[in-house]
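Architecture at a glance
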2 protein chains.
Amino acid sequence: MSTLNRAKIVAAAVDLIEREGADAISMRRIAAELGVGVMSLYNHVPNKSALLDGVAEAVLSGIEFTDDPSAHWTERVRIQARAFRQIAHDYPRSTMVVVSRQLHSTAGMIPAERALATLREAGFKGEEAVRMLRMFIAYIVGSLLREVGVTPTFAPVRPDVPMPDVDPALFPELCAGAPDLAVCDHEAEFEFGLELLVQAMAVRLGERGLTGHERGLET
Amino acid sequence: MSTLNRAKIVAAAVDLIEREGADAISMRRIAAELGVGVMSLYNHVPNKSALLDGVAEAVLSGIEFTDDPSAHWTERVRIQARAFRQIAHDYPRSTMVVVSRQLHSTAGMIPAERALATLREAGFKGEEAVRMLRMFIAYIVGSLLREVGVTPTFAPVRPDVPMPDVDPALFPELCAGAPDLAVCDHEAEFEFGLELLVQAMAVRLGERGLTGHERGLET
DNA sequence: TGACCGTACGTACGGTGTACGTAGACGGGA
DNA sequence: TCCCGTCTACGTACACCGTACGTACGGTCA
């Protein structure tokens with residue numbers, strides 16, 4: 001309350017985004033929220049873009065990566081993916097800000113560092129580990145954007161538009177699948193793809209000589 | 001040149017986005033591009049949001065879905081995924097607009113219709129087909145956002161920031177993988193994940209006891 | 001005391017989307 | 001021919017945006 005600082009500004013921004021949406025934030029709005037003049041913000045933040053970087057860092061710092069090195073690598077991958085998805089639950093309206101900003105800061109790179117470590121320990125090396133990492137990031141980012149309503153679901157993402165009435169002649173498959181398309185359990189969807197990816201990774205490892213079904217522990 | 005219409009406005013918007021980036025577009029800028037008053041645009045487009053919907057539709061209409069029903073389903077999936085990725089090549093700076101707008105129009109739903117048809121013919125039914133569709137969309141969206149520089153690559157996405165110097169003590173894995181992280185062949189990355197997903201889908205089908213010839217191809 | 005410096009703040013500029021009112025072109029009865 | 005309704009183009013105006021700039025105040029040290 002007494003003096004302004006960067007942390008307070010960022011916290012106010014996150015709070016405002018979660019309350020009123022990412023479109024609602026402006027330097028004036030944040031300043032008003034803090035009961036402070038607009039230009040006072042610029043003593044602690046160089047510009048709006050940097051403030052949004054701060055928002056992304058704050059959200060990323062909030063996720064808990066409880067990595068258990070003794071667990072099987074498949075479970076470690078699942079846990080890390082779920083930890084990242086937690087963002088969409090805890091900060092749904094900030095999610096777009098988080099994923100659309102490439103951070104060169106510690107908070108921004110820790111998830112990648114952890115993921116890469118896990119992939120290496122699982123047995124992926126060099127270029128293949130990086131490819132696995134990038135594929136996972138792509139899947140998770142895409143899933144999060146669906147979950148927070150940026151990307152289409154073909155389900156009533158939010159109750160603003162009820163449901164597009166599709167022409168059965170033009171879209172027979174979409175109509176046939178309408179009952180399944182009308183619902184979107186985000187956790188179940190995420191877990192489905194996650195499991196598919198983990199299995200695919202296990203197969204990829206198994207091709208190299210490990211047993212296929214029961215991936216042996218290589219402790 | 002003679003009279004204004006929606007198609008011309010949308011075309012000008014796409015053109016402007018590709019030339020100067022999505023941040024550069026504004027109603028005034030588009031009007032100036034067309035040599036027309038700002039408010040004249042509103043005779044043909046209700047608001048800016050609808051115009052962006054038009055941009056997304058125009059880009060989506062531009063992709064060619066050459067579906068060959070006689071091909072193996074794995075190949076059909078690959079072809080459709082690549083057709084969608086073509087957006088990032090043909091309209092890189094419009095890509096974010098395309099994927100962040102959920103369209104209830106024909107152009108917006110055709111890709112999903114085709115994909116769902118392919119998945120059904122491959123043998124996925126009901127809820128599982130929808131889950132496969134959504135997982136594929138998530139992966140493709142995530143890949144496209146990486147490709148157009150929205151989402152982090154950990155490679156020099158564009159030569160504005162040279163390369164973040166990472167602390168080897170904090171990020172040993174990122175440093176160890178720096179040579180592999182420094183490059184990002186978007187086509188290769190996309191194909192890697194695509195192949196993994198297709199194989200995972202084939203395994204999922206195979207687990208159900210389908211005949212061997214449907215088990216999919218290998219790399 | 002004076003110099004210095006960081007913080008808070010007001011004002012101002014050029015930009016944004018768009019509501020509203022106006023003016024002209026066009027076409028169809030009377 | 002005149003009149004009238006409809007459609008299109010356009011200018012103006014409003015509220016808002018990010019932020020460059022100048023100023024005023026409080027504390028710290030010479």
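Up top is the structure these notes are about.
Bear in mind that the values here come from a model prediction, so they are computed numbers and not experimental data.

A short note on the overall build of chain A
Along its length, chain A carries ten helices and zero strands. In chain A, the succession of helices and strands from N to C terminus is α-α-α-α-α-α-α-α-α-α. Evaluated residue by residue, chain A yields a buried proportion of 48% over its 219 residues. Across chain A, every contact between residues at least 6 apart in sequence was considered, and the portion connecting residues at least 24 apart equals 70%. When the accessible surface of chain A is totalled, it reaches about 10,200 Å², and 55% of it is carbon and sulfur.

Notes on the pattern of salt bridges
Applying the stated criterion to the full structure yields 38 salt bridges over all chains. Residue A:Asp15 pairs with A:Arg19 through a salt bridge whose shortest N-O separation is 2.6 Å. Separated by four residues within a single helix, A:Asp15 and A:Arg19 lie in helix α1 (residues 6-20), roughly one turn from each other. A:Asp15 gets classed as partly exposed once you look at its relative accessible area, which sits at 43%. Close ionic contact of B:Arg85 with B:Glu187 constitutes a salt bridge, the shortest N to O distance being 4.0 Å. Of the two residues, B:Arg85 is situated in helix α4 (residues 73-90) and B:Glu187 in helix α10 (residues 186-206); the sequence distance between them amounts to 102 residues. Look at the salt bridges and you will find they share partners, linking A:Asp15, A:Arg19, A:Glu20, A:Arg29 and A:Glu33 into a network.

A word on the interface of chain A and chain B
Chain A puts 63 residues into the contact, and the matching count from chain B is 63 residues. Inspection of the region where chain A meets chain B yields six salt bridges. For B:Glu173, the salt bridge identified is with A:Arg120, shortest N-O distance 2.5 Å. Counting across the chain A and chain B interface gives 20 residue pairs in polar contact (both at pLDDT 80 or more). Mapped onto the side of chain A that touches chain B, the elements with two or more residues apiece are α5 (95-99), α6 (106-122), α7 (126-147), α8 (172-176), α9 (178-181) and α10 (186-206) of chain A. At 17 residues, α7(A) tops the list of elements feeding residues into the side of chain A that touches chain B. Looking at the side of chain A that touches chain B residue by residue, the class counts come to 37 nonpolar, 13 polar and 13 charged.

Here we look at the protein's contact with DNA strand D
The environment of DNA strand D is formed by 16 residues, the closest being A:Ser26, A:Arg28, B:Met39, B:Ser40 and B:His44. When the atoms of DNA strand D within 4 Å of the protein are sorted by group, sugar and phosphate make up 46%. In this structure, A:Arg28 approaches DNA strand D through a side-chain N or O atom, which is 2.4 Å from a base nitrogen. Between DNA strand D and B:Ser40, the relevant distance is 3.1 Å, taken from a phosphate oxygen to a side-chain nitrogen or oxygen of the residue.

Scoring rules and cut-offs
- Residues numbered from 1 in each chain as written.
- Chains lettered and ligands numbered in written order.
- Predicted model: local features only at pLDDT ≥ 70, side-chain atom pairs only at ≥ 80, totals over all residues.
- Heavy atoms only, no water.
- Helix = DSSP H or I, 4+ residues; strand = E, 2+ residues; numbered from the N terminus.
- Buried < 20%, exposed > 50% of the residue type's maximum accessible area, 1.4 Å probe, protein only.
- Contact = heavy atoms within 4.5 Å.
- Areas by Shrake-Rupley, 256 points an atom, 1.4 Å probe, with all protein chains shown as cover.
- Salt bridge = Lys/Arg side-chain N within 4 Å of Asp/Glu carboxyl O.
- Polar contact = N/O pair within 3.5 Å; in protein donor to acceptor, adjacent residues only side chain to side chain.
- Nonpolar A, V, L, I, M, F, W, Y, C, P; charged D, E, K, R; others polar.
- Near = heavy atom within 4 Å.

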